[in-house]
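Here's the letter readout for the chains.
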Amino acid sequence: MFETGSADLVAQAFEAQRDRLRAVAHRVLGSHADAEDVVQEAWLRLSRQDTTTIENLGGWLTTVVGRISLDILRSRAARPEASLDDRLPDLVVTLDDAPAPDDDAVLADSVGLALLVVLESLRPSERLAFVLHDLFAVPFDEIGRILGKSTDAAKMLASRARRKVQATEQPASAHRKQRQVVSAFLAAARGGDFEGLLRVLDPEVRLTVDTPGGLVVTLGATKVAAGAQLAASAATQGRAALVGGLPGVISWREDGTPLSVLAFTVTDGRITAIGAVVDPAKLARMNLPDPA
């Protein structure tokens, strides 16, 4: 592709791709810091590559970024406590019985956060296949090569991920059903109904709690159900809310100070992911309403 010794041309060609590569890595990983590291690693690999063997620089770089990102996702899955380095953006929270916000920017933030939350619930291969194909139009044969799978297998992974993502973009009737699932979860937690909790939790549910000390991740219905029973006893008041575009709940302590904000991802009638904020500093920035 490049003549021998054309280091400047290689650098210029890479810079022309940098923004796109950063966007791909950020959508896959949900972390600005990780995305920057991935792009830098891609540059290092390109600088060591014989560029005369590269027929399509954009495709080659996308493959490299995809494979590095996939390794990071798999590492996170093996060590869930070391998930995201940087926090999710501040949540947009409105009471579920309040009018929907009219501001387009607020709505866009809600949709973006909802997508980030549901992406966190996907398996690494599903997440990569969905982001590359649906958000960046990478062909399935290229995605298959990145994943080490067939083209048909890549299509199936993207399709499975797409169904989970679309579950967050349902009409009002679907929102009511999701809210019913969340209500059943809350009722079971407050009533100490462990079996009731297991009925509404996906076996591989992921709970991510934003604490003053960082993110704490719990995986699996049994562990999440046990934690929910303990947490329910601490809240004296709670109200249904829309949290980042997802069904959620705000809880307060007896003195009226916010205790937590939870957002639930519901897929096929079961809770697949729960995002919780208990960090007092972050709760204070949300401008939460007073308890009724």
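Because the structure is predicted, anything quoted here is derived from the model rather than measured.

### Describing the environment of Leu 197
Tracing the backbone shows Leu 197 in helix H9 (residues 194-200). Residues Leu 197 and Phe 185, 12 residues apart in the sequence, show an inter-C-alpha distance of 5.7 Å. If sequence neighbours within four positions are ignored, Leu 197 has contacts with Phe 185, Ala 188, Ala 189, Ala 225, Ala 228 and Gln 229.

### What to know about the packing of aromatic side chains
With the rule as written, the count across this model stands at two aromatic pairs. A centroid spacing of 5.2 Å and a plane angle of 50° characterise the contact between Phe 14 and Trp 43, whose relative ring orientation is tilted. Of this pair, Phe 14 sits in helix H1 (residues 7-29) while Trp 43 sits in helix H2 (residues 32-47); the two residues are 29 residues apart in sequence, bridging distant segments of the chain. You can call Trp 43 partly exposed: its relative accessible area is 23%. Ring centres of Phe 185 and Phe 264 lie 5.4 Å apart, and the angle between their planes is 65°; on these two criteria the pair is classed as edge-to-face. With a gap of 79 residues between them, Phe 185 in helix H8 (residues 172-191) and Phe 264 in strand S6 (residues 258-267) connect regions that are remote in the sequence. You can call Phe 264 buried: its relative accessible area is 0%.

### Examining the pattern of salt bridges
In this structure the tally under the stated criterion is 10 salt bridges. In this structure, Glu 15 engages Arg 18 in a salt bridge whose closest nitrogen and oxygen atoms are separated by 2.9 Å. Placement of both Glu 15 and Arg 18 in helix H1 is noted, with a separation of three residues, approximately one turn of the helix. With relative accessibility at 45%, the residue Glu 15 sits in the partly exposed group.

### Section: the layout of surface pockets
There is about 730 Å³ of room inside the largest pocket. Along the walls of the largest pocket sit 31 residues, with Ser 121, Leu 122, Lys 164, Glu 204 and Thr 272 positioned nearest its centre. For the lining of the largest pocket, the elements supplying multiple residues, two or more each, are helix H3 (57-78), helix H5 (124-135), helix H7 (151-166), H8, strand S2 (201-211), S6 and strand S7 (270-277). For the lining of the largest pocket, the class distribution of residues is 11 nonpolar, seven polar and 13 charged.

### Some thoughts on the side chain of Asp 279
Within the secondary structure, Asp 279 sits in the loop between S7 and helix H11 (280-285). The class of Asp 279 is buried, set by a relative accessible area of 15%. Engagement of the side chain of Asp 279 in a polar contact is seen with the backbone nitrogen of Ala 281, the distance being 3.1 Å. Sequence-distant contacts of Asp 279, that is, excluding residues within four places in its chain, are made with Asp 210, Thr 211 and Pro 212.

### Thoughts on the packing of H1 against H5
At a minimum axis separation of 9 Å, H1 and H5 run at an interaxial angle of 140°. Considering the angle they form, H1 stands oblique to H5. Remark: the crossing between H1 and H5 carries right-handed chirality. Between H1, through Val 24, Arg 27, Val 28 and Leu 29, and H5, the contact on the second element is made entirely by Arg 127, Leu 128, Val 131, Leu 132 and Leu 135.

About the criteria used
Residues numbered from 1 in each chain as written. Predicted model: local features only at pLDDT ≥ 70, side-chain atom pairs only at ≥ 80, totals over all residues. Heavy atoms only, no water. Helix = DSSP H or I, 4+ residues; strand = E, 2+ residues; numbered from the N terminus. Contact = heavy atoms within 4.5 Å. Phe/Tyr/Trp six-rings, centres within 6.5 Å; stacked < 30°, edge-to-face > 60°. Buried < 20%, exposed > 50% of the residue type's maximum accessible area, 1.4 Å probe, protein only. Salt bridge = Lys/Arg side-chain N within 4 Å of Asp/Glu carboxyl O. 1 Å grid on protein atoms, 1.4 Å probe; cavity = no way out; pocket = protein on both sides within 12 Å on 5 of 7 lines; lining within 4 Å. Points joined across faces, edges and corners; volume = space filled by probe spheres on them. Nonpolar A, V, L, I, M, F, W, Y, C, P; charged D, E, K, R; others polar. Polar contact = N/O pair within 3.5 Å; in protein donor to acceptor, adjacent residues only side chain to side chain. Axes fitted to C-alpha atoms, helices over the stretch in contact; angles between N-to-C directions. Parallel < 35°, antiparallel > 145°, perpendicular 65-115°, else oblique. Left-handed = near helix turned anticlockwise from the far one by under 90°.

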